[in-house]
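Reading the structure
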Amino acid sequence: YVAAGGDGNGSASDPVGTLTEAVTLLGNNTRIYVCGGDIFAGSFALPPGVSIYGSLDCGGWGSATVNPKPTIRGTANQPVIRINGAGETALQALQIVAENANDYDDTTLQGNSSIGLLVVDASMTLEDVTITAGVGAPGGEGEDNAGQAVGAQTMPLAFNGNNGGTCGVDGGLAKTVDCSGMTTTGGKGGDGDTGSGNAGGFGLPNPGLIEPVLDGD
């Protein structure tokens, strides 16, 4: 049994003052009764199979819907109530309020969450329960590019495929050399096109275009 301001042993005639105390003193008991409409601060783990009931009269521990509901207000960055494990658990006539989260995980940079009730594997019954989550915290700032693996933005030639020969790639440039006192020029390579490569340019001099002049008979 829990009543704000109590400092007893958890019995109906001598209740404890907080829910965390009640959980500690449970023993083999599987029910926690909370009277009054007070605020109980602090997050806690509720053993699976243990239930909490509110809207009780602090005078005789009678239950009525007109009685005020107690509020359980958790610790920031922690679920207000955590239940982990198989078992039947009931929450009745309670207000559960999660504080706004703050800060973030140093490793993942994920902002902390604001969670009212976290249940893993347990079977839950909720009756006349209001759960209010707060605002989650912003994540940490991401690292700049200098601290990350290289990608296409920093090394495009290493990550982007080269254009194929039929995708508009320019042909090789014409090259000029001196050959026994006569200048000759190799034709420019043909440019790539969408269907096939274009023909290369003529070299110079080009006997096919200009007939050579021969001396003698």
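All figures in this text were calculated on a predicted structure; none of them were measured in a lab. (Residues numbered from 1 in each chain as written. Predicted model: local features only at pLDDT ≥ 70, side-chain atom pairs only at ≥ 80, totals over all residues. Heavy atoms only, no water.)

Helix and strand counts for the protein stand at 2 helices and 11 strands. Starting at the N terminus and walking to the C terminus, you meet the elements of the protein as α-β-β-β-β-β-β-β-β-β-α-β-β. Across the 217 residues of the protein, 26% fall into the buried class. Restricting the contact set of the protein to residue pairs at least 6 apart, pairs at least 24 apart contribute 53%. (Helix = DSSP H or I, 4+ residues; strand = E, 2+ residues; numbered from the N terminus. Buried < 20%, exposed > 50% of the residue type's maximum accessible area, 1.4 Å probe, protein only. Contact = heavy atoms within 4.5 Å.)

A few words now on the packing of aromatic side chains. One pass over the structure, following the stated rule, counts 3 aromatic pairs. Centre to centre, the rings of tyrosine 1 and tyrosine 33 are 5.2 Å apart; their planes meet at 25°, and the pair counts as stacked. Taken together, the residues tyrosine 1 in the segment before helix H1 (19-24) and tyrosine 33 in strand E1 (residues 31-35) connect sequence positions 32 residues apart. By relative accessible area, tyrosine 33 is classed as partly exposed at 22%. (Phe/Tyr/Trp six-rings, centres within 6.5 Å; stacked < 30°, edge-to-face > 60°.)

Take the confidence of the model for the protein next. Overall, the predicted model of the protein reaches an average pLDDT of 82, with 66% of residues at or above 70. At the level of individual helices and strands, the protein shows its lowest average pLDDT in helix H2 (residues 156-159), which scores 51, and its highest in strand E5 (residues 71-73), which scores 98. A low-confidence stretch, residues 159-166 (pLDDT under 50), is modelled with 12 contacts involving residues beyond four sequence positions or located in other chains. In this model, residues 207-212 is a region of pLDDT below 50 whose contacts with residues beyond four sequence positions or in other chains number 1 contact. (pLDDT = per-residue confidence, 0-100.)

Let us look at the state of the cysteines. Following the criterion strictly, the structure yields 1 disulfide and no others. Between the sulfur of cysteine 35 and that of cysteine 58 lies a disulfide, 2.0 Å long from S to S. As the torsion about the S-S bond is roughly 95°, the cysteine 35-cysteine 58 disulfide counts as right-handed. In this pair, cysteine 35 sits in strand E1 while cysteine 58 sits in the loop between strand E4 (51-56) and E5, placing the two residues 23 residues apart along the sequence. The exposure class assigned to cysteine 58 is partly exposed, which follows from its relative accessible area of 42%. (Disulfide = S-S within 2.5 Å.)

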